[in-house]
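If you want the building blocks of each chain, they are given just below.
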Amino acid sequence: MTYKYFPHTEEEVAAMLKTIGVSSLEELYADVPDSVKLKGEYVLPEAMSEEEIRRFFHTLGAQNDKLCCFAGAGVYDHYTPSVIPYLVERSEYLTSYTPYQAEISQGTLHYIFEYQSMMAELTGMEISNASLYEGTTATAEAVLMAYNNSHKGKTVLLSRTLDPKIVAVVLTYAHFHGVDIQFIEEKDGVTDHEDLQRRLAAGGVAGVVVQQPNRYGIIEDFTGMSDACHAQKALFIINSIAADLALLKTPGEWGADIAVGDIQSLGLPMSFGGPYAGYMCTTEKLMRKMPGRIVGMTHDNRGQRAFVLTLQAREQHIRRQRATSNICSNESLMALFATIYLSLMGKEGLREAAQMGYDGAHDLAEAMVATGRAELVYDQPFFNEFLVRIADRDAFYDKAVDLHILPGVKVGKDQLLIAVTERRTKEECDTLCGLLK
């Protein structure tokens, strides 16, 4: 064999090619554009000692420019208690496999059960599953739940105030499942209630998806939406930033049927984009339609408390044609991370951290507007993230980056979405605001 670590022999490769009616590997990859094919050899360094490897990666890491982060748009720079990494990196957590065999997986099943309990309480819902890949796919799975739950409705309505990244993933899922996606227009930065009523009245709607806070950081008022959806036999789905629910009205209080979102805000480091995990909570009525795993508590033959995977047979995860969803893995290490975070912070700690971000964002927004060089795009209540229009936005942005500050996320030609968490100090906020003057 040319590649000693490849498991297949040349005879096996030839047999597989013959089975699919292809004569060679070159023919198999004939559709791949030549422009993206590697020309020449791999650029790999020579073998190194352990010390050389450490030095090599330290040098690479030193090239990263660590910025003071005012960017959000779904991922936030929250405080992580230092004890969490030490716990989740223990080998029994870091290397644990899928908990199919309950008799040897009690530890994993136990903390997943605790995670579910905490997420159900945080969202005000009755049931939580184990966890999903991240908040965008959790939202897409909720859309499929609504679609599969409906007997007549084939349309799911998305608010225009949903994060575009969420919309992109939902559209991909919907395309391959035959779901008709339509949009509810926005008005003054929030979901247009009148447009929602018109679209629901037209019939054929299986579900409605909104976001709290929305893509602009605005806190939306969902009064009457749940009743309007239920009157037309449609499910009401709310995507929320998990940490914000410490202060905001919960999806359960809004009358949601499904609550989804990302748990990254529960202390998970930004980590250049992951790993994160998505949460999904719902009503008891819908729990048998949930994707992913659900851990339940029971008692063994000795009367001792025990934890098991429940409500779903294993073919849910291994027989594609019989599954209601092809989400089969749970992000249990990230769920453990969030569980420890919630345990350490407690209810008061969660509220305090959320309040600090809220207060900091409002102080910064007021100070920036007072300079006369920035204005709020929408006159709406916001949480810890706000959208401003800035004179010479790009010049301001570049100036901030030069000073090791990531000032926000660019929106349109002259707008900036700025987020403040409990980690941002008054001095950091004053420095950012000072760049406007």
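Residues numbered from 1 in each chain as written. Predicted model: local features only at pLDDT ≥ 70, side-chain atom pairs only at ≥ 80, totals over all residues. Heavy atoms only, no water.

A. Representation of helix α15 (residues 426-434) within the structure. Burial in α15 covers these residues: Cys429, Leu432 and Cys433. Down the axis of α15, the buried side of the element spans an arc of 100°, and every buried residue falls inside it. (Buried < 20%, exposed > 50% of the residue type's maximum accessible area, 1.4 Å probe, protein only. Helix = DSSP H or I, 4+ residues; strand = E, 2+ residues; numbered from the N terminus. Arc of directions from axis to C-beta.)

B. Structural context of unusual backbone geometry. Cis geometry marks the peptide bond from Gln212 to Pro213; its omega dihedral reads -15°. Tracing the sequence through the fold places Pro213 in the loop between β7 (205-212) and α10 (225-231). The omega torsion across Gly274 and Pro275 is 5°, close enough to zero to call that bond cis. Phi is positive for Ala73, close to 55°, though the residue is something other than glycine. On the secondary structure map, Ala73 appears in the loop between β1 (68-69) and α4 (83-88).

C. Just the packing of helix α13 (residues 332-370) against α15, in detail. Where α13 contacts α15, the two axes come as close as 10 Å, and the packing angle between them is 25°. By the criterion of interaxial angle, the relationship of α13 to α15 is roughly parallel. You can see that α13 and α15 cross each other, and the crossing is right-handed. Counted together, Leu364, Ala367 and Met368 of α13 and Cys429, Leu432 and Cys433 of α15 form the full contact between these two elements. Residues of the contact of α13 with α15, tallied by class, amount to 6 nonpolar, no polar and no charged. (Axes fitted to C-alpha atoms, helices over the stretch in contact; angles between N-to-C directions. Parallel < 35°, antiparallel > 145°, perpendicular 65-115°, else oblique. Left-handed = near helix turned anticlockwise from the far one by under 90°. Contact = heavy atoms within 4.5 Å. Nonpolar A, V, L, I, M, F, W, Y, C, P; charged D, E, K, R; others polar.)

Read these as geometric descriptors, not functional statements.
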